[in-house]
Structure formats: structure tokens, C-alpha cells
Amino acid sequence: MRIEEQRRGRWTDEQPRTRWIDQKAFRHRRPDLRLGSRSHRLERAGGTAGDRISVRHTVRTSTAEYSLLLNAPEWLGRRGIGEALRDAVAELRAIDFTYGPNQPDSLVSKLRRGEIGPESYPPLADLVDRCAAMRAATDGWFDAWAVPGGFDPGGLLGGWAVERAAARLRAAGVHDYAVLAGADLTVRGHAAHGGPWRVAVHHPTDGHRAPLVLEMTAGAVGTSGVTGRRGHVVDPHTGEPADQLVAATVVGPDLAVADAYATALYAAGPAGLAWFRNGSDYRALFAHRRR
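Within an unreviewed UniProt entry, the label attached to the protein chain reads FAD:protein FMN transferase, and the organism entered is Micromonospora halotolerans. The UniProt entry for the protein chain carries this comment under Catalytic activity (unreviewed entry): "L-threonyl-[protein] + FAD = FMN-L-threonyl-[protein] + AMP + H(+)".

Considering the overall build of the protein chain
Summing up its helical and strand segments, the protein chain has 7 helices and 12 strands in all. A burial count over the protein chain gives 51% of its 291 residues as buried. Counting only carbon and sulfur atoms, one obtains 47% of the accessible surface of the protein chain, whose full area is about 13,700 Å².

Considerations on the sheet that holds strand β11 (residues 245-252)
An order of β4-β5-β6-β7-β10-β11-β12 is seen for the 7 strands of this open sheet, with the pairing classed as antiparallel. Looking at which strands have only one partner, the edges of the open sheet turn out to be β4 (52-60) and β12 (283-289). Here the average twist between neighbouring strands, direction ignored, is 5°. Across the sheet, helix α6 (residues 154-171) lies against β5 (65-73), β6 (177-181), β7 (184-188) and β10 (218-224), angled at about 155° from β6, the strand it touches most.

A look at the side chain of Arg198
With respect to the helices, strands and loops of the structure, Arg198 is situated in strand β8 (residues 197-201). Asp32 provides the closest opposite charge to the buried, unpaired Arg198, separated from it by 4.3 Å. Within the structure, the side chain of Arg198 is placed 2.9 Å from the backbone oxygen of Arg30, a separation counted as a polar contact.

Quick word on unusual backbone geometry
Non-glycine residue Asp139 carries a positive phi angle of around 55°. The residue Asp139 is located in the loop between α5 (122-137) and α6 in this model. Overall, Asp139 belongs to the exposed group, its relative accessible area being 55%.

The rules behind each value
Residues numbered from 1 in each chain as written. Predicted model: local features only at pLDDT ≥ 70, side-chain atom pairs only at ≥ 80, totals over all residues. Heavy atoms only, no water. UniProt positions renumbered as here; feature names shortened; annotations may be inferred. Helix = DSSP H or I, 4+ residues; strand = E, 2+ residues; numbered from the N terminus. Buried < 20%, exposed > 50% of the residue type's maximum accessible area, 1.4 Å probe, protein only. Areas by Shrake-Rupley, 256 points an atom, 1.4 Å probe, with all protein chains shown as cover. Pairing = 2+ DSSP bridges. Axes fitted to C-alpha atoms, helices over the stretch in contact; angles between N-to-C directions. Contact = heavy atoms within 4.5 Å. Lys, Arg positive; Asp, Glu negative; His and termini not counted. Salt bridge = Lys/Arg side-chain N within 4 Å of Asp/Glu carboxyl O. Polar contact = N/O pair within 3.5 Å; in protein donor to acceptor, adjacent residues only side chain to side chain.

Here is the structure:
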């Protein structure tokens, strides 16, 4: 799968997608979602349209905590919404169990041990293809095969899981939602107040700096490094821990790709900013150097 093909396959019917808001104009408007080093949280809903049902749900797997916000049509009913939510949660749990590199019996672990090939399961083949595409798109700075221990898709696995769970929501008739996982999120459609999702992205290290505010109807924000742990991303060219940046944040259509770009940018440092030129659908929001 080529990244350019993937980009063109999305966003085609979802204009407008992401709009950068003047912070002064946004001062008296509460965001729906906040991302940043101090707070990855949901704000209280400002109000819900009469023909919509808003639901919030949090689920924890062995590796992450996910928050799902559904702004579903009333005709779907609470039973239908509950089924959509159960499908999405089941997908998140299944991916954690079936593909997690830390699960000894996962497909990824079996692939690392040479017990199966990627063609054995179509979703596994898709995951491997995505990792290969991102290795090419980032000049090798995202390389799932250069991780100690063998193939490890962790740099995009979380985003891949969220996007697959979001696809379950859409298949069930929910087209207005937000799914958060730590400092990452994907959104579609509109928030409970009827407008685009308002997302405040805080600077990863400077808590006094005003957040960058986005209005989004389709898109994702992926971040690497905000946990404060050093050495969690390896420079694939040297095998040493990457140490140039404190954090890297990327916005774009697909969370798996944004996550992989953020991981690669964290490893490459400022040199990686070249990936986001020439009409790329992805954009670096933060690439903060370590002091």
C-alpha cells in the first residue's frame, strides 16, 4: 500500500476537515477535547441537539486507555448505540490481544518467531504493509523491523486499532464520534453542540503557552514522546535511543499514519520536517527539541 494512495482514498467527501483557529477568537469558546502533556481530557458537553444521543465510554486494555465519544442519531436508539459501542470496544480488545507484541501468543509474536507469515491473516498483512509503507515514506526513520527483538508495529499499532474501531462505529451508523487514546485522537463529523469538534492541542513542554486550537470534522492527531520517558523510541539507523526531541505531534487524515509519522519525527529530529512539504496531507504541529 502506497501512502499517496491511502491519502487520496480518504477525505474526499469530508470537507472541511481541519481548520486552525485564531486563539483570540477562541478565547470564550470551550473546547470539546484537550490534548497535551498535562491533560488528555474530555470537556463537558455544551449541549446536545434534540435529534442526537451523546454517549461517553472509557475502556482499558493491557496497553492503553481509550475514550469514545459518540454523537449518534436518535433513530439509532440506545440499543443500536450500545451495540455499536460494544463492537468498537470488542475491536480494541481483540487487537490488543491478537496483535500486541507483548502478548506471547499474538500473531505479531508468532510472526517474529517465524511460526506464521503475514499472508496468514488479512489484517496482519495490512498491518505489515502499513509498516512497510511508512518505512518508505520516512526514509527508514520508522522501521518496525529495526526494533530490538524483531518486528514490532507498536509505533502505529495504537492508531491502527483506533481506526479499525472507528470503522466499526461507522458500519453501525455512527458517523459523528471522537476516539482518544492518551495524546492521540481521531474524530469524524460533529460534536454534541452541532459544530466541528474543537480540539485544543497543548504544547508538550511549555504549560504556559496558549494551545493550538483546531476545528475538525475528519482527521487525527498522533503524538510521540509526551510520556516523558527517554529511550522509548529507537533510532533505527544506529539502534540507540532517539534523544533529539522531547515530543513530536502530527495531524492528518489517518491516526495510524499520523502516529507513525510522529514516531519517525521523534527519531529523526528536525530533519524529518521535510516529509510534510510538497502538498502532504500530514502536518507537524510540534517538534520540540530537547534542551
